[in-house]
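Report on the structure
The residues making up each chain are set out below.
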Amino acid sequence: MKRIAVLASGRGSNFQSVIDAIRKGTIPAVCERLVTDNPHAPAIARAQKAGIPVSIVPFGTFGSKERFEQELLSVMQGIDPDLFILAGYMRILGSSVVREFSGKIINIHPALLPSFPGLHAQRQTIAYGAKVSGCTVHFVDEGTDTGPIIMQRCVPVREDDDEYTLAARILRKEHRALVEAVRLFCEGKIRIQGRTVKILI
Ligand code: GRF
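Here is a short report on the structure shown in this document. (Residues numbered from 1 in each chain as written. Predicted model: local features only at pLDDT ≥ 70, side-chain atom pairs only at ≥ 80, totals over all residues. Heavy atoms only, no water.)

Along a regular strand, successive side chains alternate from one face of the sheet to the other. The pairing of strand S1 (residues 2-7) with strand S2 (residues 29-36) spans six bridges and is parallel. Along S2, the bridge assignment pairs Leu7 with Val35. For the crossover that starts at S1, traverses helix H1 (residues 13-24) and ends in the parallel S2, the hand is right-handed. Here S1 runs beside strand S4 (residues 83-86); their pairing, made up of four bridges, is parallel. If you follow Ile4 over to S4, its bridge partner there is Leu83. (Pairing = 2+ DSSP bridges. Helix = DSSP H or I, 4+ residues; strand = E, 2+ residues; numbered from the N terminus. Right-handed = clockwise from strand over helix to strand, strands pointing away.)

As C-alpha cells, this is what we get:
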C-alpha cells in the first residue's frame, strides 16, 4: 500500500474521485492527509466525511510567500508520503518544495500541455479557438505546468462552448485520468526518463 496526500484549494472534485477510487480498491493506497491553503475550501468537508485528516496552511496569515512556503514545506515533510497529488491546488509550488519531493508530486491540468498552461486554461482554449482540448496529468517541476507528462485525455471543443461548458466536459476526463495515473504510480508502473514518462505494462 502506498501512502498518498492531496493538496487542493477549492471544490475538490478530483480529490473526491481519488477518495472514491481508494475506497473501491482501484487505487492501492491510503490517503493520509488533505493539505489546503484555503480555510474555506469545500474539499475540507470531503476529507472530513472520508475520515482524512486536514492540514490548513492559510496563505493570508503568513505575511510573505517565503514564510508560507516554509510552513508548507514543513507540513509536507511531516507527512512524507510516497506521492503528493495537486488536485486543484491553485498556487505555484516553491522550488524548495519541488526539489525536496522531486518525482513525488503530480498535478492535473485542464488543457493539453504544453498548450495553455497556468490559470484559466479553459478560457485560454476558447479564446484561442482551439478545436480540441483535454487534460494532462504530469509530474511537477520548477516551471508552471512544465513537468514530464504521465497521461493526457482529449475532448472536442464545440462551436457553442463557453469556458464553463468546456470545463465540465474536461472535468469528467480529469477524474478518470487522475485516478488512472495515481493507480499506475501506486502500482509502481511509472518511470521518469528525462522529459518522458514510461508506463510499464
Ligand atoms: C480542475 O479543473 C483542475 O484541473 C484545475 O482546477 C480544477 C479543480 O477542480 N487545476 P476540483 O477542485 O478538483 O473540483
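Now that the structure is up, let's keep going.
Taken together, the residues surrounding the ligand are Arg11, Gly12, Ser13, Asn14, Gly88, Ile108, Pro110 and Glu174. Protein burial of the ligand: of its 360 Å² of free accessible surface, 88% is covered by the chains. (Near = heavy atom within 4 Å. Areas by Shrake-Rupley, 256 points an atom, 1.4 Å probe, with all protein chains shown as cover.)

On inspection of all chains with the given rule, the structure shows five aromatic pairs. For the ring pair Phe116 and Tyr128, a centre distance of 5.7 Å and an interplane angle of 65° mean the geometry is edge-to-face. Remark: Tyr128 occurs in helix H5 (residues 121-128) and Phe116 occurs in the loop between strand S5 (105-109) and H5; sequence separation between them is 12 residues. Relative accessible area serves as the criterion here: at 15%, Phe116 is assigned to the buried category. Consider the rings of Phe139 and Phe185, whose centres lie 6.4 Å apart with planes at 55°: the pair is tilted. Here the residue Phe139 occupies a position in strand S6 (residues 132-139), and Phe185 occupies one in helix H6 (residues 163-186), the gap between them amounting to 46 residues. Here Phe139 falls in the buried class, since its relative accessible area comes to 3%. Taking the relative accessible area as the measure of exposure, Phe185 reaches 15% and is therefore buried. Taken together through their ring pairs, the aromatic side chains of Phe59, Phe62 and Phe68 make up a single cluster. One Lys or Arg, Arg91, reaches over the ring of Phe59 and ends 3.6 Å from the middle of that ring. (Phe/Tyr/Trp six-rings, centres within 6.5 Å; stacked < 30°, edge-to-face > 60°. Buried < 20%, exposed > 50% of the residue type's maximum accessible area, 1.4 Å probe, protein only. Lys NZ or Arg CZ within 6 Å of the ring centre and 35° of its normal.)

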